[in-house]
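So you can see what is in the structure, the chains are spelled out below.
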Amino acid sequence: MICRLTGQVTSVGRDLVEMTLGGIAYEVHVPAASADELRSLIGSEITLHTLQYFEGTPAGAHLVPRLVGFLRPEDRTFFNLLTRVKGISIRKGLRAMSLPVAQIASAIERGDVRLLAGLPELGKTTASRVVSELQGKLDEFAAAATEPAVATGPMSEAQRLAVDILVQWGDRRADAERWVAAAVNAHGDLSEPEEIVRAAYRCKEGG
């Protein structure tokens, strides 16, 4: 199982990103909501949190390996839950994720069938089934929809490295990005990843 892929983004389509790693180009299917964010990262080295599956029929002789990738590990976890709902295949799940995960999860927790039915590939019947099976299980994902945003511009290389350090230490990427942004807003003179990490942890602890 390929669970993580780090490489340079070379091109981004509507739901497909090409990444180059060690001279090999990988095609990775991504959620619709990630495409715009990934286009801004063309030429950059990033990490996608991936799932691997085989497309085709077991009875046939032609099974094609596919990779699905997510910018944040919690998005991959949400996708796993979503695609356990009857009628939502991997391809349908990716197209349905045309809004940020926090927004979709919040709608499920509210029982907002109308919003969910408007997502690509769902429709009213499947949306109702999603609410029935997942409501009450997504508080952690939905909470991010109510968290106040921190105004910030594009991250510097040092800030991105600080986020990666926090993620490697076990923090959620969304949380790490928020703490780093808050730290930089409060201390504009931070330039080294280690300094940013220390300041971000003070923000995490409310200091």
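It should be emphasised that the depicted structure is a prediction, and the values quoted were computed from it without experimental measurement. (Residues numbered from 1 in each chain as written. Predicted model: local features only at pLDDT ≥ 70, side-chain atom pairs only at ≥ 80, totals over all residues. Heavy atoms only, no water.)

1. A short note on the overall build of the protein
Stage number 1. Within the protein, the secondary structure is distributed over ten helices and five strands.
Stage number 2. A burial count over the protein gives 37% of its 207 residues as buried.
Stage number 3. In the protein, the share of contacts with a sequence separation of at least 24, taken over all contacts with a separation of at least 6, comes to 55%.
Stage number 4. Total accessible area on the protein stands at roughly 11,100 Å², and carbon and sulfur atoms take up 51% of it. (Helix = DSSP H or I, 4+ residues; strand = E, 2+ residues; numbered from the N terminus. Buried < 20%, exposed > 50% of the residue type's maximum accessible area, 1.4 Å probe, protein only. Contact = heavy atoms within 4.5 Å. Areas by Shrake-Rupley, 256 points an atom, 1.4 Å probe, with all protein chains shown as cover.)

2. So, the pattern of salt bridges
Stage number 1. Enumeration according to the criterion identifies four salt bridges in this entry.
Stage number 2. Among the salt bridges present, the one from R72 reaches D75, with a minimum N-O distance of 3.3 Å. Accessibility assignment for this pair places R72 and D75 in one class, buried. (Salt bridge = Lys/Arg side-chain N within 4 Å of Asp/Glu carboxyl O.)

3. Details of the confidence of the model for the protein
Stage number 1. On average, the protein scores 83 in pLDDT, and the residues at 70 or more come to 90%.
Stage number 2. Within the protein, the element-level pLDDT minimum falls on helix 9 (residues 173-186), averaging 77, and the maximum on helix 6 (residues 123-134), averaging 94.
Stage number 3. Taken as a whole, residues 145-152 scores under 50 in pLDDT and shows 13 contacts with residues more than four places along the chain or in a different chain. (pLDDT = per-residue confidence, 0-100.)

4. A word on the environment of L38
Stage number 1. Residue placement: L38 occurs in helix 1 (residues 35-39).
Stage number 2. Expressed as a C-alpha distance, the spacing of L38 and L71, which sit 33 residues apart in the sequence, is 8.7 Å.
Stage number 3. Setting aside chain neighbours within four positions, we find L38 in contact with V9, V12, V17, V30, I46, L48 and L71.

5. Some details on the environment of N80
Stage number 1. You can see N80 is positioned in helix 2 (residues 73-82).
Stage number 2. The class for N80 is partly exposed, based on a relative accessible area of 29%.
Stage number 3. It is 9.0 Å that separates the C-alpha atoms of N80 and I90, two residues lying ten residues apart in sequence.

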